[in-house]
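Structural features, examined
Chain by chain, the residues:
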Amino acid sequence: MVRTRFAPSPTGYMHLGNVWVALLNWLYAREHNGQMVLRMEDIDRARCHEEYADALMEDLEWLGLTWDEGPGGTYAYGSAVQTERMDYYRSILDSWVREDRVYPCYCTRARLHSIASAPNLGEERPVYDGHCRYMTEEERKKQTKKPSLRIKVEGPVQISFDDMFHGHQEHCLRSGADDFVVRRADGLMAYQLACAADDAAMGITHVIRGCDLLSSTPIQIYLIRLMGKTVPSYGHVPLLCDSDGIRLSKRQHGITVRELKEKGWTAGDIIGQLLYWGGALEQPEPMTAEDTARTVKIEDFRFLSKENVTVL
Ligand SMILES: [Zn+2]
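All figures in this text were calculated on a predicted structure; none of them were measured in a lab.

**Details of the coordination of the zinc ion**
For the zinc ion, every protein donor is listed as Cys105 (SG), Cys107 (SG), Tyr128 (OH) and Cys132 (SG), and the spread of their distances is 1.9 to 2.3 Å. Every donor residue of the zinc ion comes from the same chain, spaced as C-x1-C-x20-Y-x3-C. An identical accessibility class is assigned to Tyr128 and Cys132; each is buried.

Written out as structure tokens, the structure is:
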């Protein structure tokens, strides 16, 4: 059975960029008589707020983009809310500590900044020099700083996958350089760990998300393999940008579902506009979620292989 997920972080009100990703996941699930999980990625408690999580669910319901599993429910994998899944992430980390697959990193922020290597795979991917990987137990005992935990990449390891919209992708993960952080020094679980663990545990078969996460995918595949779980298919869709090339997610005003609603937009207006921007309609025309599920297929979106779509 096809299972997709929409996994927002409740750090603000739902905007067009979120609706775009939710719509595609919902549509893909409907097209295949599958299910969609609404997963709340609220692990960063300082930035996430309950109020936004509630508003997100209200907005999704108003749009008609319903979910089969989500906050409030208890499933075979537990809760669909990340802050209610911390024991699960800890159990994975504990097993990796026992199996010697992670190591403590005592490097200061300043030291990490000074490692002068250019990222080789997308701008947001830091490169490490493996400094703490080969510390002896004696040396570790002398450290006073609280460590982060890094994964010990057994590289070089070639990770390849066929993106649903961008075709074959291939990346090499290297020992040391790609030993990414799975738990920060302050105890915060890394996004990569929580996301990969959840996709695997929740039996997600198709991960449809923005192109900004394309560089995270090899890491997440590596982690899911370490967990011994099935790797889902991935599809990275274009980011919605304004005419200055700024991602809608970086803008805060004028594009939230609530603001559009106040301006008189209906749910159908919003969905119809997204269908047009995605190349599934020749002209923007109002269309409800249900009508979309009846008449539009994922392959009708002509622009899914682009990295950006200019919309405003
Ligand atoms: Zn280190």
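**Here we look at the pairing of strand E8 (residues 206-210)**
Counting buried residues in E8 gives 5 out of 5 residues, a clear majority hidden from the surface. With 5 bridges connecting them, E8 and strand E9 (residues 233-237) associate as parallel partners. Across the sheet, residue His206 finds its bridge partner in E9, namely Ser233.

**Focus on the packing of aromatic side chains**
Counting across every chain of the model gives 5 aromatic pairs. The positively charged end of Arg150 is found above the aromatic ring belonging to Tyr128, 3.5 Å away from the centroid. The ring of Phe303 has Lys306 lying over it, and the distance from NZ or CZ to the ring centre is 4.7 Å.

**Here's the deal with the pattern of salt bridges**
A complete count under the given rule lists 21 salt bridges for this structure. Here Arg258 makes a salt bridge to Glu58, at a shortest N to O gap of 3.0 Å. Residue Arg258 is located in helix H8 (residues 257-262), and its partner Glu58 is located in helix H2 (residues 50-63); the two are separated by 200 residues in the primary sequence. Measuring nitrogen to oxygen at the nearest pair gives 3.8 Å for the salt bridge that ties Arg302 to Glu282.

**What about the packing of helix H6 (residues 191-201) against helix H7 (residues 217-226)?**
Direction vectors running N to C along H6 and H7 enclose 55 degrees, while the axes themselves pass 9 Å from each other. For the element pair H6 / H7, the angle class is oblique. The crossing of H6 and H7 is right-handed. Together, Tyr191, Gln192, Leu193, Cys195, Ala196 and Ala200 of H6 and Ile219, Gln220, Leu223 and Ile224 of H7 make up the contact between the two elements. Taken together, the residues that form the contact of H6 with H7 break down as 8 nonpolar, 2 polar and no charged.

**Re the packing of helix H1 (residues 16-31) against helix H9 (residues 267-277)**
Interhelical geometry of H1 versus H9 gives an angle of 80 degrees and a closest axis separation of 10 Å. The angle between the axes of H1 and H9 places the two elements in the roughly perpendicular class. Contact with H1, carried on its side by Leu16, Val19, Trp20 and Leu23, involves Ile270, Ile271, Leu274, Leu275 and Trp277 of H9 and no other residues of that element. Tallied by class, the residues present in the contact of H1 with H9 amount to 9 nonpolar, no polar and no charged.

**Considerations on helix H3 (residues 86-98)**
A rise of 1.5 Å per residue sets the reference length of H3, with its 13 residues, at 18 Å; its end C-alpha atoms lie 18 Å apart and thus fit the reference within 8%. Every buried residue of H3 is listed here: Met86, Tyr89, Ile92, Leu93, Ser95 and Trp96. After H3 finishes, the residue Asp100 shows a positive phi value of roughly 65 degrees.

Criteria and thresholds
- Residues numbered from 1 in each chain as written.
- Predicted model: local features only at pLDDT ≥ 70, side-chain atom pairs only at ≥ 80, totals over all residues.
- Heavy atoms only, no water.
- Donors = N, O, S within 2.8 Å, 3.2 Å for Na, K, Ca; no water.
- Buried < 20%, exposed > 50% of the residue type's maximum accessible area, 1.4 Å probe, protein only.
- Helix = DSSP H or I, 4+ residues; strand = E, 2+ residues; numbered from the N terminus.
- Pairing = 2+ DSSP bridges.
- Phe/Tyr/Trp six-rings, centres within 6.5 Å; stacked < 30°, edge-to-face > 60°.
- Lys NZ or Arg CZ within 6 Å of the ring centre and 35° of its normal.
- Salt bridge = Lys/Arg side-chain N within 4 Å of Asp/Glu carboxyl O.
- Axes fitted to C-alpha atoms, helices over the stretch in contact; angles between N-to-C directions.
- Parallel < 35°, antiparallel > 145°, perpendicular 65-115°, else oblique.
- Left-handed = near helix turned anticlockwise from the far one by under 90°.
- Contact = heavy atoms within 4.5 Å.
- Nonpolar A, V, L, I, M, F, W, Y, C, P; charged D, E, K, R; others polar.
- Expected span 1.5 Å × (residues − 1).

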